[in-house]
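Residue-level structural notes
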Amino acid sequence: MCFSDLTESLPRVCKGEKTPASDFSYVGIDAILEQMRRKAMKQGFELNIMVVGQSGLGKSTLMNTLFKSKVSRKSVQPSPEERIPKTIEIKSISHDIEEKGVRMKLTVIDTPGFGDQINNENCWQPIMKFINDQYEAYLQEEININRKKRIPDSRVHCCIYFIPPTGHCLRPLDVEFMRRLSKVVNIVPVIAKADTLTLEERDYFKQTIREELRANGIDVYPQKEFDEDAEDRMINDKIREMIPFAVVGSDQEYQVNGKRILGRKTKWGTIEVENIAHCEFAYLRDLLIRTHMENIKDITGSIHYETYRVRRLNESNILFTSNPPDHPVAQPKTNGQLEEQPVVVPQANGVAVQHEVLSHEM
């Protein structure tokens, strides 16, 4: 078979597509989109989401609701007796999800123990260290002489931060966490269990939180400085006006007017999770999956990871030039402490992570 025969047998990009026979000026550049689609379908997609918030705010339920599968840590690893960890434990679990032929590897990273202690001072540090360790692991794969064709990506693409529905203002813990972590990861704040607030209380709470974020210089996703053009700015401005999203999660199904819905049943009616008149879950889902997922990953790679990479390589260059290569030097770890070792770029100082891989079909 010659090349012309092969091209004739390939599927057309769309109905009514112009061909050389019908249009002398046609080149076929628009077929690049179909090539990219086929490649993406073969490779699949990856998304790593971290959930942070104190116990009892519905983190596991919301993740199950987002992906309409049992994807949370508690769903697949139920413990006979629930206990409050003495320290923050970082636990991740991966799932292969498929919908209409599109495959996605979803990793949910949970942080049980956060905010549950009497003294929560510096409780953000293990989470910061975990995020930096993932950047370090990716960096080590990148600088290998014989690096992999596709580097495994364990970097945290998005952190959903759960704010208790107090209706008053942010706690010092909320401000400190988001102020520090917003510099290294995309943070999307949500008001958990928003059905405990009246509409007036909810609107007041959201406005108060936005003012506190601005006052403390906290730049949550989508960050204004990363808008690419006027169209992006217009879309993202609408999202920024809605942040934090007031959400309700539920994996219970009910019948309402002959239609299956996810919701929470009360004495006075059913709260429909995906009804924007009831809560803002649908806006959060659209942001994370349907409209901004690739942008979230792009900012992780081109901004947050790049900032880490430049800093680490600069540290290595300074240490290399100021110390002879045949003597040990004090190399910085990702947690800021020093360790004496030969002049090499240090390997990632990883946190012990519980990790499982499951498969789900949607």
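Basis of the calculations
Residues numbered from 1 in each chain as written. Predicted model: local features only at pLDDT ≥ 70, side-chain atom pairs only at ≥ 80, totals over all residues. Heavy atoms only, no water. UniProt positions renumbered as here; feature names shortened; annotations may be inferred. Helix = DSSP H or I, 4+ residues; strand = E, 2+ residues; numbered from the N terminus. Areas by Shrake-Rupley, 256 points an atom, 1.4 Å probe, with all protein chains shown as cover. Axes fitted to C-alpha atoms, helices over the stretch in contact; angles between N-to-C directions. Parallel < 35°, antiparallel > 145°, perpendicular 65-115°, else oblique. Contact = heavy atoms within 4.5 Å. Nonpolar A, V, L, I, M, F, W, Y, C, P; charged D, E, K, R; others polar. Buried < 20%, exposed > 50% of the residue type's maximum accessible area, 1.4 Å probe, protein only. Pairing = 2+ DSSP bridges. Right-handed = clockwise from strand over helix to strand, strands pointing away.

Per an unreviewed UniProt entry, the chain goes by Septin and derives from Salarias fasciatus. In its Sequence similarities (unreviewed entry) section, the UniProt record describing the chain reads: "Belongs to the TRAFAC class TrmE-Era-EngA-EngB-Septin-like GTPase superfamily. Septin GTPase family." Checking UniProt for the chain, the heading Subcellular location (unreviewed entry) contains the comment "Cytoplasm".

Some words on the overall build of the chain
The helix and strand inventory of the chain stands at 10 helices and 12 strands. Only carbon and sulfur atoms are counted for the fraction: they give 53% of the accessible area of the chain, which is about 20,700 Å².

Comments concerning the packing of helix 5 (residues 125-142) against helix 10 (residues 293-322)
Here helix 5 crosses helix 10 at 75°, and the two axes come no closer than 10 Å. When the interaxial angle is binned, helix 5 and helix 10 end up roughly perpendicular. For the pair helix 5 and helix 10, the contacting residues are Asn-132, Tyr-135, Glu-136, Tyr-138, Leu-139 and Glu-142 in the first and Thr-300, His-304, Tyr-305, Tyr-308, Arg-309 and Arg-312 in the second. Classifying every residue of the contact of helix 5 with helix 10 by side-chain character gives 5 nonpolar, 3 polar and 4 charged.

Description of helix 3 (residues 59-67)
Of all 9 residues in helix 3, 8 are buried; the element is thus mostly enclosed. For helix 3, the complete set of buried residues consists of Lys-59, Ser-60, Leu-62, Met-63, Asn-64, Thr-65, Leu-66 and Phe-67.

Re the sheet that holds strand 8 (residues 259-266)
Ordered by their spatial adjacency, 3 strands build an open sheet running 7-8-9, and the pairing between neighbours is antiparallel. Bordering the open sheet on either side are strand 7 (253-256) and strand 9 (269-272), each of which pairs with just one other strand. Going across the sheet, the axis of each strand differs from the next one's by a mean of 70°, ignoring polarity. Examined bridge by bridge, strand 7 and strand 8 share 4 bridges and lie antiparallel to one another. Counterpart to Val-256 in the pairing with strand 8 is Lys-259.

Points about the pairing of strand 4 (residues 158-163)
Most of strand 4 is tucked away, with 6 of its 6 residues classed as buried. Neither face of strand 4 is open: one carries Cys-158, Ile-160 and Phe-162, the other Cys-159, Tyr-161 and Ile-163, and all of them are buried. Pairing of strand 4 with strand 5 (residues 187-191), which is carried by 5 bridges, proceeds in the parallel orientation. Within the sheet, the bridge partner assigned to Cys-159 lies in strand 5 and is Ile-187. At this point the chain moves from strand 4, through helix 6 (residues 172-181), to the parallel strand 5, and the crossover so formed is right-handed.

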